[in-house]
Amino acid sequence: MQNALVDFDPKALAEHLELKPFQGRQIFQWLHQKGVFDFDSMTNISKAMRADLKSRARPSHLELVHLAESKKSPGTRKAVWRLQDGETVESVLIREGERRTICISSQVGCAVKCSFCATGISGFQRNLSPGEIAEQATRMTVSDAMEGRTPNIVYMGMGEPFRNFDNVVASIQLLTHRDGLGIGARKITVSTAGEAPGIYAFAEMPWQVRLSLSLHAANDVKRSELVPLNKKYPIAKLLAAVDYYLEHAGRQITLEWALLRGVNDTKQDANELADIALPRRAFVNVIPYNPVAGLPYSAPDRNSAAAFRDHLLHRGVQVTLRKEQGQDIDAACGQLRRRVEEFASS
Ligand code: SAH
Ligand code: SF4
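The structure presented is a predicted model; accordingly, all values stated were derived computationally and were not measured.

**Student:** Can you lay out the overall build of the protein chain for me, pointing to particular residues and giving the numbers?
**Tutor:** Secondary structure summary: the protein chain contains twelve helices and twelve strands in total. Counting over 346 residues, the protein chain shows a buried share of 56%. Here the contacts in the protein chain between residues at least 6 apart in sequence split such that 66% fall between residues at least 24 apart. As displayed, the protein chain has an accessible area near 15200 Å², and 50% of this comes from carbon and sulfur atoms. Treating the 44 positive side-chain charges of the protein chain as one cloud and the 39 negative ones as another, the clouds have centres 3 Å apart.

As structure tokens, this is what we get:
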């Protein structure tokens, strides 16, 4: 895969193109702050230079191939992007009141293969580059649906971010750059299925980016069934990494819990989760499962989901129960992409 200009920070961009530093900065601002990806619209650059750049550089990676707007949750939309090599990835913009959250992908597919997740089904193709990751957020942020608001960014689309650690870090540096979108690090969350070495490395980063851990089960038997990575990094090892993170980074973490009917929705599950969350002052995010065609899982009914949350509350856990968002456009993890592929191959 070839680089595009959107992969570089201003300094590297100037070096790559053999331009002056201020010119590198100007181009970076067009790409990352304004979301302008064609040279002809970069009006503070001379015509001659634009023509020269056009002949020797590719500004961006993504081409929009599908945009679905949710009818049930207006303002929530999902984009499918085609990459240079023909692979596709997706991003979601979620609207909840005043809040705008952009969910981006870090890999094409995912090798972790969690048993309930649509992304795992189609296997792993490749890592995304820093620009391929950041450009998803930039294009979503400059879209009219944002109404000028600053988004929260979550690395919860396709892929396991900590299996593409360096590019994810570089993409965050692009998104937080003051000549780019300048998104506050606290507004960015990286979600991992439990790649313990990544948690240790993340703890060393000199920033306020948040960490979310996809726990889903609080004992090894259940968790290994749901998240195969648990066999490599079982809960005790994972919690050692989390504790190291808490000590070194000093920031609260979130535990994600995709609530699956009859699998991880009992009082005992809630108790085991509380035993992990409470001593670590973790915030728990319970997400009713978004059903995936062909997989044997479903979401509990509303009352059972609320009872699960209430039990955690009763134990003193900080918890939110997410509303289903954009189910009608399959706005969870890899599903729309599969549908587009099925459509394309039929
Ligand atoms: N690979 C990373 C980040 C991407 S998945 C991770 O697993 O954390 C983002 C979140 O969506 C994870 O918590 C994942 O378990 C959850 N998820 C995946 N498929 C889902 C589905 N169908 N319904 C609800 N949550 C799902
Ligand atoms: Fe990969 Fe996350 Fe899906 Fe698991 S839940 S298969 S880690 S994307």
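Having seen it, we continue.
**Student:** Which residues make up the packing of aromatic side chains, and what are the values?
**Tutor:** Scanning all chains against the criterion turns up eight aromatic pairs. Geometrically, the ring pair formed by Phe162 and Phe165 is tilted, given 5.5 Å between the ring centres and 45° between the ring planes. On the accessibility criterion, Phe162 (7% relative accessible area) is buried. Relative accessible area serves as the criterion here: at 18%, Phe165 is assigned to the buried category.

**Student:** How would you sum up the packing of helix α5 (residues 130-141) against helix α6 (residues 165-176)? Please name residues and give values.
**Tutor:** Where α5 contacts α6, the two axes come as close as 8 Å, and the packing angle between them is 40°. In this view, α5 runs oblique relative to α6, as classed from their interaxial angle. Along this stretch, α5 crosses α6, giving a crossing that reads as right-handed. For the pair α5 and α6, the contacting residues are Pro130, Gly131, Ile133, Ala134, Ala137 and Thr138 in the first and Asn167, Val168, Ala170, Ser171, Leu174 and Leu175 in the second. When the residues that make up the contact of α5 with α6 are grouped by side-chain class, the tally is eight nonpolar, four polar and no charged.

**Student:** I'd like a description of the sheet that holds strand β11 (residues 283-288), backed by residues and values.
**Tutor:** Picture the strands of a sheet paired through backbone hydrogen bonds; they go either parallel or antiparallel. Strands sit in the order β1-β2-β3-β4-β7-β8-β9-β10-β11-β12 across an open sheet of ten strands; the sheet is mixed. At either end of the open sheet lies a strand with only one pairing partner, and these are β1 (63-69) and β12 (318-321). Neighbour-to-neighbour, the strand axes of the sheet open up by a mean angle of 20°, direction not taken into account. Pairing between strand β8 (residues 188-192) and strand β9 (residues 210-214): four bridges, direction parallel. Along β9, the bridge assignment pairs Val190 with Leu211. Helix α7 (residues 196-203) contacts β8 and β9 of the sheet and is inclined by roughly 165° relative to β9.

**Student:** Summarise the site of ligand 2; cite the residues concerned and give the values.
**Tutor:** In the vicinity of ligand 2 lie eight residues, with Cys110, Val112, Cys114, Cys117 and Ala193 positioned nearest. Its residues placed into classes, the shell around ligand 2 shows six nonpolar, one polar and one charged.

**Student:** Break down the site of ligand 1 for me, with residues and values.
**Tutor:** Of all residues adjacent to ligand 1, which total 20 residues, the nearest are Gly159, Ser191, Ser214, His216 and Asn290. A distance of 2.7 Å separates an oxygen atom of ligand 1 from a polar side-chain atom of Ser191. Contact with the protein chains removes 93% of the 530 Å² of surface that ligand 1 exposes when unbound. Mapped by element, the contributors of at least two residues to the shell around ligand 1 are β8 and β10 (254-259).

**Student:** Can you lay out the packing of α7 against helix α9 (residues 235-249) for me, pointing to particular residues and giving the numbers?
**Tutor:** Helix-helix packing is described using two parameters, namely the angle between the two axes and the distance between the axes. Following both chains from N to C, one finds α7 and α9 inclined at 5°, their axes separated by 9 Å at the closest point. In terms of orientation, α7 lies roughly parallel with respect to α9. Taken together, the residues of α9 that come into contact with α7 (itself represented by Ala196, Ile199, Tyr200, Phe202 and Ala203) are Leu238, Ala240, Ala241, Val242, Tyr244, Tyr245, His248 and Ala249. Counted by class, the contact of α7 with α9 contains twelve nonpolar, one polar and no charged residues.

**Student:** Quick one: what's the story with the pattern of salt bridges, residue by residue and with numbers?
**Tutor:** One pass over the structure, following the stated rule, counts 17 salt bridges. As a salt-bridge pair, Asp40 and Lys54 come within 3.0 Å of each other at their nearest N and O atoms. Separated by 14 residues along the polypeptide, Asp40 in the loop between α2 (21-33) and α3 (47-56) and Lys54 in helix α3 bring together distant segments of the chain. Exposure remark for Asp40: the relative accessible area of 44% places this residue in the partly exposed category. Using a relative accessible area of 48% as the deciding quantity, one classes Lys54 as partly exposed. Where Asp275 meets Arg315, a salt bridge forms, and the shortest distance between an N and an O atom there is 2.8 Å. In this pair, Asp275 is assigned in helix α10 (residues 267-277) and Arg315 in the loop between α11 (302-314) and β12, connecting sequence segments 40 residues apart. Relative accessible area serves as the criterion here: at 46%, Asp275 is assigned to the partly exposed category. Arg315 gets classed as partly exposed once you look at its relative accessible area, which sits at 28%. One connected set of salt bridges, linked through shared partners, spans Asp85, Arg126 and Glu132.

**Student:** Tell me about the nonpolar core, and name the residues and values.
**Tutor:** By size, the foremost hydrophobic cluster in this structure holds 100 residues, and its most contacted members are Ile27, Tyr155, Leu255 and Leu312. Tallying contributions element by element places α9 first for this core, with seven residues. Non-local contacts of Leu255, meaning those with residues more than four positions away in its chain, are made with Leu213, Leu215, Leu273, Ile276, Ala277, Ala282, Phe283, Val284 and Asn285.

The rules behind these values
- Residues numbered from 1 in each chain as written.
- Chains lettered and ligands numbered in written order.
- Predicted model: local features only at pLDDT ≥ 70, side-chain atom pairs only at ≥ 80, totals over all residues.
- Heavy atoms only, no water.
- Helix = DSSP H or I, 4+ residues; strand = E, 2+ residues; numbered from the N terminus.
- Buried < 20%, exposed > 50% of the residue type's maximum accessible area, 1.4 Å probe, protein only.
- Contact = heavy atoms within 4.5 Å.
- Areas by Shrake-Rupley, 256 points an atom, 1.4 Å probe, with all protein chains shown as cover.
- Lys, Arg positive; Asp, Glu negative; His and termini not counted.
- Charge placed at Lys NZ, Arg CZ, Asp CG, Glu CD.
- Phe/Tyr/Trp six-rings, centres within 6.5 Å; stacked < 30°, edge-to-face > 60°.
- Axes fitted to C-alpha atoms, helices over the stretch in contact; angles between N-to-C directions.
- Parallel < 35°, antiparallel > 145°, perpendicular 65-115°, else oblique.
- Left-handed = near helix turned anticlockwise from the far one by under 90°.
- Nonpolar A, V, L, I, M, F, W, Y, C, P; charged D, E, K, R; others polar.
- Pairing = 2+ DSSP bridges.
- Near = heavy atom within 4 Å.
- Polar contact = N/O pair within 3.5 Å; in protein donor to acceptor, adjacent residues only side chain to side chain.
- Salt bridge = Lys/Arg side-chain N within 4 Å of Asp/Glu carboxyl O.
- Core = buried A, V, L, I, M, F, W, Y, C linked by side-chain atoms within 4.5 Å.

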